[in-house]
Amino acid sequence: MTELLESQLLLTLWLLVMVPCLAWTVWDLRVRNAHLMPLMKVVWALTVLYSGPFGLMIYRWSGRKEIASDGLWRRAARSVAHCYSGCGMGEIAGVVLAAGVLSLATHWVAVTTFCLAYVAGFALTVGPLMQGGMPASQAFKDAALAETPSITVMEITAIGVSIWAGGDAGLGDVRFWTALILSLSCGLLAAYPVNVALIRFGVKEGMMDPRNTGHDHG
C-alpha cells in the first residue's frame, strides 16, 4: 500500500484521468445543463475535481436533466455532493496548511482540518438560505441540524484516512497528495448513507431534481 501511494506514476495517471473528466463536466454544464443553478454547477465541478471519474459518475447518475427518474438515492447523491464540495475545500486547505506547511502534530492537523471543513461546508448551506430570504438565526439553526451529521462523518473519515495514508509526508512528497485524493473520496462514500437517512427521515430535503430546475443561466 505504501509503495502504491508513493508512486509518481499513479499520481500522473490520476491527473491524466481527472482533467478530461473535469473538462467534460464543465462543457456539459455549459452546453447541456446550463439551466442548473450556478451553485450546483460549482458543486459538480468541484466534486469531479476532487474525485475524478468517481465524481463524474455521480454527476451523470444524479445531477443532469438526462436522468431517467429521481428518488431518494439520487437526491442523497446530490445532497452529499453539495456537502462534499464545501468540505473538500476546507479539508484541502486544512491538510495543506496544518500538515504540509506548518507540520503540526497529528491532533492539531485533525482539529484544524475539521474546523476549516466544517466552516466551508456550513457556509455553503447557510449562504443560499439567507440569500433566499431566511433570517440568519433560522438559517444557522437549519444548517446545523441538516449538515452537522453529514459533515462530521465525512470529515472524521477523510481526516482519518489522510493521516493514516499520508503518515509524515510533506508537500513535496507524492504520498501527501495521493493520500489527500484518497481521503476525499472516502469521506464522500462514508457520508452518502448519512444523507440518505437524513432525507429519509425528513431532517433535510435534498437537492432539487435537475429536470425541474427552472434557472437558465447558460
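The preceding data block contains the structure.
Residues numbered from 1 in each chain as written. Predicted model: local features only at pLDDT ≥ 70, side-chain atom pairs only at ≥ 80, totals over all residues. Heavy atoms only, no water.

**Comments concerning the packing of aromatic side chains**
Summed over the entire model, instances satisfying the criterion amount to eight aromatic pairs. Taken together, a centroid distance of 6.2 Å and an interplanar angle of 45° make the contact between tryptophan 73 and tyrosine 192 tilted. Note that tryptophan 73 is positioned in helix H4 (residues 72-101) and tyrosine 192 in helix H7 (residues 174-200), a separation of 119 residues in sequence. A residue is classified by how much of its surface remains accessible, and tyrosine 192, at 22% relative accessible area, is partly exposed. (Phe/Tyr/Trp six-rings, centres within 6.5 Å; stacked < 30°, edge-to-face > 60°. Helix = DSSP H or I, 4+ residues; strand = E, 2+ residues; numbered from the N terminus. Buried < 20%, exposed > 50% of the residue type's maximum accessible area, 1.4 Å probe, protein only.)

**What to know about the side chain of arginine 74**
Note that arginine 74 resides in helix H4. Although buried, arginine 74 forms no salt bridge, and the nearest oppositely charged side chain, aspartate 70, lies 5.4 Å from it. The contact partners of arginine 74, leaving out residues within four places of it in the chain, are Trp61, Ser62, Ile67 and Ser69. (Lys, Arg positive; Asp, Glu negative; His and termini not counted. Salt bridge = Lys/Arg side-chain N within 4 Å of Asp/Glu carboxyl O. Contact = heavy atoms within 4.5 Å.)

**Comments concerning the nonpolar core**
As a rule of thumb, soluble globular proteins bury nonpolar side chains together. Grouped together as the largest cluster of nonpolar side chains are 29 residues, with contacts concentrated most on Trp44, Tyr84, Cys87 and Met154. Mapped onto this core, the elements with two or more residues apiece are helix H2 (8-31), helix H3 (38-62), H4, helix H5 (106-131), helix H6 (136-166) and H7. With nine residues, the single largest contributor to this core is H3. Each residue touching cysteine 87, except ones within four places of it in the same chain, is listed here: Ala117, Gly121, Ile151, Met154 and Glu155. (Core = buried A, V, L, I, M, F, W, Y, C linked by side-chain atoms within 4.5 Å.)

**Some details on the environment of alanine 190**
Here alanine 190 is to be found in helix H7. By relative accessible area, alanine 190 is classed as partly exposed at 22%. Between the C-alpha atoms of alanine 190 and methionine 207, which are 17 residues apart in sequence, the distance is 19 Å. Beyond its immediate sequence surroundings of up to four residues, alanine 190 is in contact with Val153 and Thr157.

**Considerations on the environment of asparagine 33**
Structurally, the position occupied by asparagine 33 is in the loop between H2 and H3. Taking C-alpha positions, asparagine 33 is 9.3 Å from arginine 211, a pair spaced 178 residues apart along the chain. Ignoring anything within four residues of it in the chain, the contact list for asparagine 33 reads Asp28, Lys41, Tyr59, Arg64, Lys65 and Glu66.

**Focus on H3**
Over its 25 residues, H3 runs only 17 Å from end to end, short of the ideal 36 Å by more than 12%, given 1.5 Å per residue. Along H3, the helix axis deviates most sharply at serine 51, where the bend reaches about 140°; the proline proline 53 sits within four residues downstream. (Expected span 1.5 Å × (residues − 1). Bend = angle between axes of the 7 residues up to and from the residue.)

**Observations regarding a nonpolar patch on the surface**
A cluster of nonpolar side chains, contributed by Leu97, Val101, Leu102, Leu104, Trp108, Val111, Leu116, Leu171 and Trp177, occupies part of the molecular surface with about 760 Å² of accessible area. Elements with a minimum of two residues in the nonpolar patch: H4 and H5. Examining the composition of the nonpolar patch, we find that three residues originate from one element, H5, more than from any other. Note on placement: leucine 171 falls in the loop between H6 and H7. (Patch = residues over 30% accessible without salt bridge, like charges linked within 9 Å, V, L, I, M, F, W, Y side chains within 5 Å. Areas by Shrake-Rupley, 256 points an atom, 1.4 Å probe, with all protein chains shown as cover.)

**Remarks on the packing of H6 against H7**
Closest axis-to-axis distance for the H6/H7 pair is 7 Å, and the angle between their directions is 155°. Our classification of the angle between H6 and H7 gives roughly antiparallel. For the pair H6 and H7, the sense of crossing is right-handed. Residue-level contacts link Ala146, Pro149, Ser150, Val153, Met154, Thr157, Ala158, Val161, Ser162, Trp164, Ala165 and Gly166 of H6 to Arg175, Ala179, Leu182, Ser183, Cys186, Gly187, Leu188, Ala190, Ala191, Val194, Asn195 and Leu198 of H7. Residues that form the contact of H6 with H7 fall into these classes: 16 nonpolar, seven polar and one charged. (Axes fitted to C-alpha atoms, helices over the stretch in contact; angles between N-to-C directions. Parallel < 35°, antiparallel > 145°, perpendicular 65-115°, else oblique. Left-handed = near helix turned anticlockwise from the far one by under 90°. Nonpolar A, V, L, I, M, F, W, Y, C, P; charged D, E, K, R; others polar.)

**Things to note about H7**
If you check H7, its first and last C-alpha atoms are 40 Å apart, about what 27 residues at 1.5 Å a residue would give, namely 39 Å. Maximal helix bending in H7 amounts to about 30°, located at alanine 191; proline proline 193 follows within four positions. The positive-phi residue at the C-terminal boundary of H7 is glycine 202, with phi of around 80°.

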